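One letter stands for each residue in the lines below.
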Amino acid sequence: MANSDYQQEMLQYFGDPPTNPAAEPSTAADDGDREAGETDNENMSFSLRQFHDDGFIDSLIKSIPSIALNPSDVERQTYRLKDILDRYQEQPQLVDPFLGRWVQELIVYVKAYADEPSESSKKTANLSLTVLRLLTKLRGYKVIIKFLPHSVADVEQSLGLVEEFMKPVNSMFEDWEQQYMLLLWLSIAVQIPFDLKKLTDLDDIGTPRSIEARIFHICQVFITVSEKTRDAAAYLLSRFVTRPDMLPTYGKQMIDYLLKTLESAKSADVVKQPHILCGGLAGIAMIFKSGTRSHLCSLAEDCLPRLIELGLLDSQFSMVRKYCTKAFQRLALTFLPTKLPTWRYKRGFRSLEDNMAPGNLGAGDVRPNPMGNGVHSPFEESETEVSAYVEQVIGLLLQSLNDADGIIRWSAAKGIGRISERLPQGFAEDVLNGVLNLFSYERSENAWHGGCLALAELSRRGALLPLRFSDVMPVVLKALLYEELRGTYAVGSTVRDAACYVCWAFARAYEPKDLEEFVMDVAKHLVLTALFDRSVNCRRAASAAFQEHVGRQGNFPRGLDIIPILDFESLGRRSNTYMKLSPIIAKYQEYTSVILDFLLSHRLAHWDVAVRELAAQTLFSLTPVAPDYMKHCVAPELLKRIGSNHIFTRHGAMIGLGYICEGLHNCGQFDDYLASQVESVILQINPKDVFRGFGHELIRQAVMSLISRVSNAELPLHNKPHLLGQMVELVQSSVVADNPKIQEIAVNTLQSLLKTYGTCMSPSDQNRTLQEACLDQVLHNVKSSSELMRRYSVLVLSVFSAEFATKNLSVITNTIASICPRSSCPEPQWVDCRRNCCRSLDRLLGAVPARAFSSEAFSEVVDFLGDCLSDYTEDKRGNIGRIVRLAAIDTTRSIMTRIARTDPLVLTPERLNTVVINLLRLFAEGIPDLRARAGQLLLYLVKSDDIPDFSGKVAMRELLCRSHARTAVWTMGSRTYPLAVSLLSVPAAEIRSAVMLGLISSLGSLTESTVRESSAAFRTYAREHSQDLSVMVALVDTLKQAVKQAMKEDRLVLPALNTLKQIFAGGVFYQNVDEKEPQLLIDLLNVVQHLRLSQSTVKVVALVEVYAEALQFADPIRKFALERLLPFLSHVYPRVRVVCATKFHESVVTCEEIIPEEHADTICTLLTESPWAHSLEKSQEVLGTIAGMLHMNIRPMQLKVKKTKP
């Protein structure tokens, strides 16, 4: 039974096999000799039991004759079939039970066209071949070709069809799928065991009309095309030329043709013809792959020197180098014997019965192979002669192992493996030595990667004997940790991934006793790679290799316990492997010291600051596992490194020492000796010396981290004012630094410092505590004119202890609320300061009991937050006030909850209305996170019984609670905009105006998705209430008030115009308000009329578009809009004139009622043919002509261009 059939049968009985949680190393997944869609069935895990869409494909195949007649049906069904088959791309063997029947049914349609050609049968054959191509893409041509018919009659049929599809010139590009499948069919048909000359008419023998000559011509045509048909032609070429009856006649002729093609293409413009080189090389590789050694040896002797002389391994195209590498290895194999030598390593037995015999199932119980391992026959060694050509090819392949492209290195590695397994042992040892020479730190990462791939191939093919493990294992273990720094980045992930592949291959290739000596080292390195590698692919590859060793070798320490920990999903996040998985594995004694030493030696001095910080945090988590080792081994080493001149080493040592101190304190292992060592380190840090020069910012962060962790460790410093003063000075010097990140860290450090030593007396003033001295310093700093000083001084106000903050609450809240100007201040530099004020208040509210706040403090805070909610400051970064509004929403939620429970009288209707109106505006705007948080806070305010009543609360509660409909995704505009628009029906005018003002930002946004979702919600609302005139009148009035307010804010002028254009274009007021209350829309247009004098071309163009959209309404609105629109035809800016003429023409064409019918053609001609972009005088004349036809008194605009100062 075939392997796939056996798997299918087992699946039917037992269901899904156990899923392997770790994928095989990625380097083992690709095979250069395999088409996309072909995979190994061995060790594959499935997520589906069977192919579920066979019914659709059966019906599709039966309906092909009818579907092929309709091009739209062909396209639809083809895309559907492609989508279905793509789902099984990783499990192609599931279609095997149906493939034979499908292929036979499909080929019947193709044969029908060959027998009786017609237009309908050709379309049917085309679609059948397209379906066959999709099946071939899924399963691979090597599987599909077995089901294609290959009788004597099929040779002529397939050959005739290929020639038929070659006739049209353009078919080479239009019907490549059909040509591809026909070439595959011909390639299996030509393998019939009969002389092809017997199929040729006697009159055609020896002429171009003979069967063999026609096939030869087809191979010549398709072997150099730039399509997929080239691969099928190479396969056909190999099957045709290597036939016993064709090789003497066409073998040398085809090789000469291919070589001449390569020579001519290389001498020509190769940039435009890389496909010719690829085709020629692929044909040579396939010929020498398919033929027998005895027949091709003479051709190889002629071909190889000429191919080497071309020097195609130096080509700039990677695919050319890949095919060249394949051709070289196939040529070299031609000079080697087909029988594999006996010295190769063999594991197991050729017979399944012997492998399954009792005593052979357990790991380590495999009986000695009767053929021997590494034992070779001297007679065999003496009889085997290695050609000089083989040595030359091996040198080229070793050179290709260092190629810049991975696909070439991978192909070369397979060539090294294939050749080495056929060489005598002495020559194979020389090849292995050449591979090992690649593992030098003087070589690039490409050489290391290629060397690892070659070692894996040698081990898989038995060409690497256990006797050489002493030389191989050290370089493999180095490769598992290989990383080379290149400026601001590092290389080596591909090397580590390939090293995992080598370990994976070792597990499958060798018996446990052969690897027993190296088990511990391999296990430790694989665990370290799986836990601490920067690349997720390498972590998962190491896990796969570890699992393979546990399953096949059975001697990895704690292997079965570790496999569930290092599963595929848990290795996805690097922080998870460091912080959660490593402490679990470190509990096993075999891996404890290894993990700690690796973090100390490799990760705390790593070039990536994020890795160093993660390593330090991991040491904190690992401290309870091995506190003595941390105290006696790790901590002393870190103390030595603090004085290092290497900045990465010093930074990692400081943060690592701090985390270890805190971890030892939590375990109760922090002794006085280590405390004294840490104190001396802090005393030696001089801000004037350490916080200067290159990398001083990293050192500042490390020092802050050290002080913070030491403070958490509660070092006995209460009676050491000098040391406390040193720590305070270090922190305060960082608080006023220019780097915002350092200031954030310094504030958090100060919080830890004051939490532990805040009640100690200040070193500078023995009459005050540290907290009192710090508060006085902050109060002094907030008076500074520097925004940077104020920005982070305000954060310090939130780091005091709860008791101290309660005692000084009035001073702190008053300082926070008055430290920076209000949001009405146009200067953008105060934005960060206001944001920090909100954050500081939020922290303060979380630390101080609500009852400690007085009514005055609450009132001051609420007023300040209400002002921050309306901060729309803009600078070169854009709408930077967003960060203030976001922080204000979070703080408002906290303070509203506390005030409602302790002092609800503070929430006066005026204050609540201010907050609610700002939130409503944010809820209708276009920024998703602001919209989501504002909506959630609004929902809380209207639902909470603790919040006093405010204007529109009851109506908003009914709308939001009813319309909310259990919607949890607040950031989705399709969910939130209908809620926001529904609030336009609230009776309170200020509520409606706030919502409409927010909608103006959304409807007039530059983001397409925001405009689409908001306009859809608005149109839906208007359509639902289109029959209620009172609602529509209220809607127009609300829109007018919102636009009027938007005209006062320059940032909203353009969105307001775009909003009007969107609403008018959507027909919201068409045939209702425009006919019954036209004055409302006229008043609305009057609100934006003043913009006609604007010097901004963008605003004027938007105004023109608004007037053009208003022409759709009935009179008198249409007449009003036309009177306002036509003067722009004489605007001083040419772009405005062009846009006005274009929009007016579009409106006239769309709505015939705008102008009299007798003048329509004349006016349209004037609008389209007049030189609006060139002559202002001519434009004014045309305007006068149009105005005369319309009987309107239109005066040209008298706008002057604003002159810039020289």
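Residues numbered from 1 in each chain as written. Predicted model: local features only at pLDDT ≥ 70, side-chain atom pairs only at ≥ 80, totals over all residues. Heavy atoms only, no water.

### As for the overall build of the chain
Our working definition: Under the DSSP-based scheme used, a helix requires at least four consecutive residues in state H or I and a strand at least two consecutive residues in state E, with every element numbered from the N terminus. Using a 1.4 Å probe on the protein chains alone, a residue whose accessible area is under 20% of its type maximum counts as buried, one over 50% counts as exposed, and one in between counts as partly exposed. Whether two residues touch is decided by their heavy atoms; if any such pair falls within 4.5 Å, the residues are in contact. Only the protein chains shown count as cover for residues, and the accessible areas themselves come from Shrake-Rupley with a 1.4 Å probe.
Helix and strand content of the chain: 60 helices and two strands. Across the 1206 residues that make up the chain, the buried fraction comes to 55%. Put simply, of all contacts in the chain between residues at least 6 apart along the chain, 74% involve residues at least 24 apart. For the chain, the exposed area adds up to about 52100 Å²; of that, 51% sits on carbon and sulfur atoms.

### Describing the pattern of salt bridges
Two side chains of opposite charge can pair, provided their charged atoms sit close to one another. What counts is decided by this rule: Between Lys or Arg on one side and Asp or Glu on the other, a salt bridge is scored when a side-chain nitrogen of the former is within 4 Å of a carboxyl oxygen of the latter.
Scanning all chains against the criterion turns up 53 salt bridges. Notably, a salt bridge pairs R709 with E662, separated by 3.0 Å at the nearest N-O pair. Taken together, the residues R709 in helix α36 (residues 696-712) and E662 in helix α33 (residues 647-667) connect sequence positions 47 residues apart. E1105 is the salt-bridge partner of K1061, the closest N and O atoms lying 3.0 Å from each other. One end of the pair, K1061, is in helix α53 (residues 1050-1065); the other, E1105, is in helix α56 (residues 1097-1110), with 44 residues separating them in the sequence. Counted as one network, the salt bridges with shared partners bring together K252, D256, E263, D302 and R306.

### Concerning the nonpolar core
Put simply, the test is: Residues belong to a common nonpolar core when they are buried Ala, Val, Leu, Ile, Met, Phe, Trp, Tyr or Cys residues joined through side-chain atoms within 4.5 Å.
One finds F1069 and F1144 to be the most contacted residues of the largest nonpolar core, which totals 420 residues. With 11 residues, the single largest contributor to this core is helix α24 (residues 493-509). What F1144 contacts, discounting residues up to four positions off in sequence, is L1111, L1122, L1125, L1126, I1154, I1155, I1163, L1167 and I1186.

### Focus: the packing of aromatic side chains
For clarity, the cut-off: Here a pair means two rings of Phe, Tyr or Trp (six-membered ring of Trp) with centres within 6.5 Å. Their orientation is stacked below 30 degrees between planes, edge-to-face above 60, and tilted elsewhere.
Applying the stated rule across the entire model yields 27 aromatic pairs. Aromatic pair F51 and Y88: ring centres 4.5 Å apart, planes at 45°, arrangement tilted. One end of the pair, F51, is in the loop between α1 (3-14) and α2 (54-62); the other, Y88, is in the loop between α4 (71-86) and α5 (96-115), and 37 residues separate them in sequence. Ring centres of F1064 and F1113 lie 5.3 Å apart, and the angle between their planes is 90°; on these two criteria the pair is classed as edge-to-face.

### Thoughts on a negative patch on the surface
Worth spelling out the cut-off: Surface patches are drawn from residues lacking salt bridges whose relative accessible area is over 30%; two like charges belong together within 9 Å, two nonpolar side chains (Val, Leu, Ile, Met, Phe, Trp, Tyr) within 5 Å. Here Asp and Glu are counted as negative and Lys and Arg as positive; His is not counted, and neither are the chain ends. By convention, the charge on Lys lies at NZ, on Arg at CZ, on Asp at CG and on Glu at CD.
Among the surface-exposed residues, E1152, E1157, E1158 and D1161 lie close enough to one another that they form a single negatively charged patch. Residue placement: E1157 occurs in helix α59 (residues 1157-1169). Judged by relative accessible area, E1157 falls into the exposed class, the value being 72%.

### Let's talk about unusual backbone geometry
A cis amide bond links D1115 to the next residue, P1116, at an omega of 10°. Note on placement: P1116 falls in the loop between α56 and α57 (1117-1125). Notably, R558 is not glycine yet its phi reads approximately 55°, a positive angle. Mapped onto the fold, R558 is located in the loop between α27 (536-552) and α28 (559-562). The exposure class of R558 is partly exposed, given its relative accessible area of 39%.

The analysis is restricted to geometry; functional conclusions fall outside its scope.
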